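Read off the chains here:
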Amino acid sequence: MSSHCTFPLVQESQQSTADFRFYIENHTRNPDDLSRKQVRIYQLYSRTTGKHVQILGKKINANGDDGGKYALLVVETETFGSHVRIKGKESEHYICMNDKGKIVGRPDGRRQECVFVEEFLENNYTALVSAKYKGWYLGFNRKGRPKKGSRTTQRQQEVHFMKRQPKGRVDPLEEFRFTTVTKRTRRARRLKTNPKRN
């Protein structure tokens, strides 16, 4: 009886492994890169705008809707490290930072100015600092416009992001927990911990 109950779990595990391999093979440019590069698709939720980073082409802002086609980001991550390149799935332009600290979209992401380093913060947010220009962060103001890298610091809310899955999507490569904290979820937690008594 017990072996009959555990069989579907084993089958599900094998299916997940197959999905994992399929995802890797279909999102990596060259077979030689399989051992060192991972590619994931997710959104970057901006703490300041309550919207998502979207790459329209050369222009980038943080006013994208959840599940919007320009807010879907293809993130190339080196397996051994936190260096990432971020490309718009629809526009096929990469987020880059030039020597003036301006955020721009470029079709070629191989330049060092298109590489960012992930910094995981205590508040469950992630910051992205330029790999080329030390101390310059990817950031957006309250209107969703890019901030100059030279005017950013890690403590500013403008540079804080959350990784989020698009609506209805489950990523087989999910290696971290996607967390969304809103007024509604905070209220739900309070109600759960302090239920009203009749």
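In this text, all values refer to a predicted model and were calculated from it rather than measured experimentally. (Residues numbered from 1 in each chain as written. Predicted model: local features only at pLDDT ≥ 70, side-chain atom pairs only at ≥ 80, totals over all residues. Heavy atoms only, no water.)

Draft legend 1. Highlighting the state of the cysteines. Evaluation of the coordinates by the stated rule reveals 1 disulfide. Each sulfur in the disulfide pair C96 and C114 lies 2.0 Å from the other. In this structure, the disulfide formed by C96 and C114 twists by about 95 degrees around the S-S bond and is classed as right-handed. Of the two residues, C96 sits in strand β6 (residues 94-97) while C114 sits in the loop between β7 (103-106) and β8 (116-120), which places them 18 residues apart along the sequence. Judged by its relative accessible area of 0%, C96 is buried. (Disulfide = S-S within 2.5 Å. Helix = DSSP H or I, 4+ residues; strand = E, 2+ residues; numbered from the N terminus. Buried < 20%, exposed > 50% of the residue type's maximum accessible area, 1.4 Å probe, protein only.)

Draft legend 2. Examining the nonpolar core more closely. By size, the foremost hydrophobic cluster in this structure holds 19 residues, and its most contacted members are L44, V53, I86, I95 and L138. Not counting the four nearest positions on each side in its chain, V53 is found in contact with L44, I60, N61, A62, Y70, A71, L73, I95, F140 and F161. (Core = buried A, V, L, I, M, F, W, Y, C linked by side-chain atoms within 4.5 Å. Contact = heavy atoms within 4.5 Å.)

Draft legend 3. Representation of the pattern of salt bridges within the structure. Counted under the stated rule, the structure contains 5 salt bridges. Between K51 and D65 there is a salt bridge, and its shortest N-O distance comes to 2.8 Å. Note that K51 is positioned in the loop between β1 (37-46) and β2 (52-55) and D65 in the loop between β3 (60-64) and β4 (73-78), a separation of 14 residues in sequence. Assessed through its relative accessible area of 47%, D65 is described here as partly exposed. Residue E113 is joined to R106 by a salt bridge in which the shortest nitrogen-to-oxygen separation is 2.8 Å. Residue R106 is classed as partly exposed on the basis of its relative accessible area of 23%. Within the structure, one salt-bridge network assembled from shared partners comprises R106, R111 and E113. (Salt bridge = Lys/Arg side-chain N within 4 Å of Asp/Glu carboxyl O.)

Draft legend 4. Structural context of the packing of aromatic side chains. The final tally for this structure, using the stated rule, is 2 aromatic pairs. A ring pair is formed by F140 and F161, whose centres lie 6.1 Å apart and whose planes are at 85 degrees; its orientation type is edge-to-face. Linking F140 in the loop between β9 (126-130) and β10 (161-164) with F161 in strand β10, this pair joins segments that are 21 residues apart in sequence. By relative accessible area, which is 1% here, F161 ends up buried. (Phe/Tyr/Trp six-rings, centres within 6.5 Å; stacked < 30°, edge-to-face > 60°.)

Draft legend 5. Molecular detail of the environment of K87. Take K87: it is sitting in strand β5 (residues 83-88). The class of K87 is buried, set by a relative accessible area of 19%. Along the sequence, K87 and G109 sit 22 residues apart, while their C-alpha atoms lie 7.8 Å from each other. Not counting residues within four places of it along the chain, the set of residues in contact with K87 comprises I55, L72, L73, V74, E92, H93 and Y94.

Draft legend 6. Just unusual backbone geometry, in detail. With a phi close to 60 degrees, E92 is a non-glycine residue in the positive phi region. Counting through the fold element by element, E92 comes out in the loop between β5 and β6. We classify E92 as exposed; its relative accessible area is 51%. Even without being a glycine, N124 presents a positive backbone phi close to 75 degrees. Of note, N124 is situated in the loop between β8 and β9.

Draft legend 7. Spotlight on a positive patch on the surface. A grouping of K100, K102, K148 and R151 is seen on the molecular surface, where their side chains present a positively charged patch. Inspection of the secondary structure puts K100 in the loop between β6 and β7. Under the relative-accessibility criterion, K100 is labelled exposed at 60%. (Patch = residues over 30% accessible without salt bridge, like charges linked within 9 Å, V, L, I, M, F, W, Y side chains within 5 Å. Areas by Shrake-Rupley, 256 points an atom, 1.4 Å probe, with all protein chains shown as cover. Lys, Arg positive; Asp, Glu negative; His and termini not counted. Charge placed at Lys NZ, Arg CZ, Asp CG, Glu CD.)

By themselves, these observations are geometric and do not establish any function.
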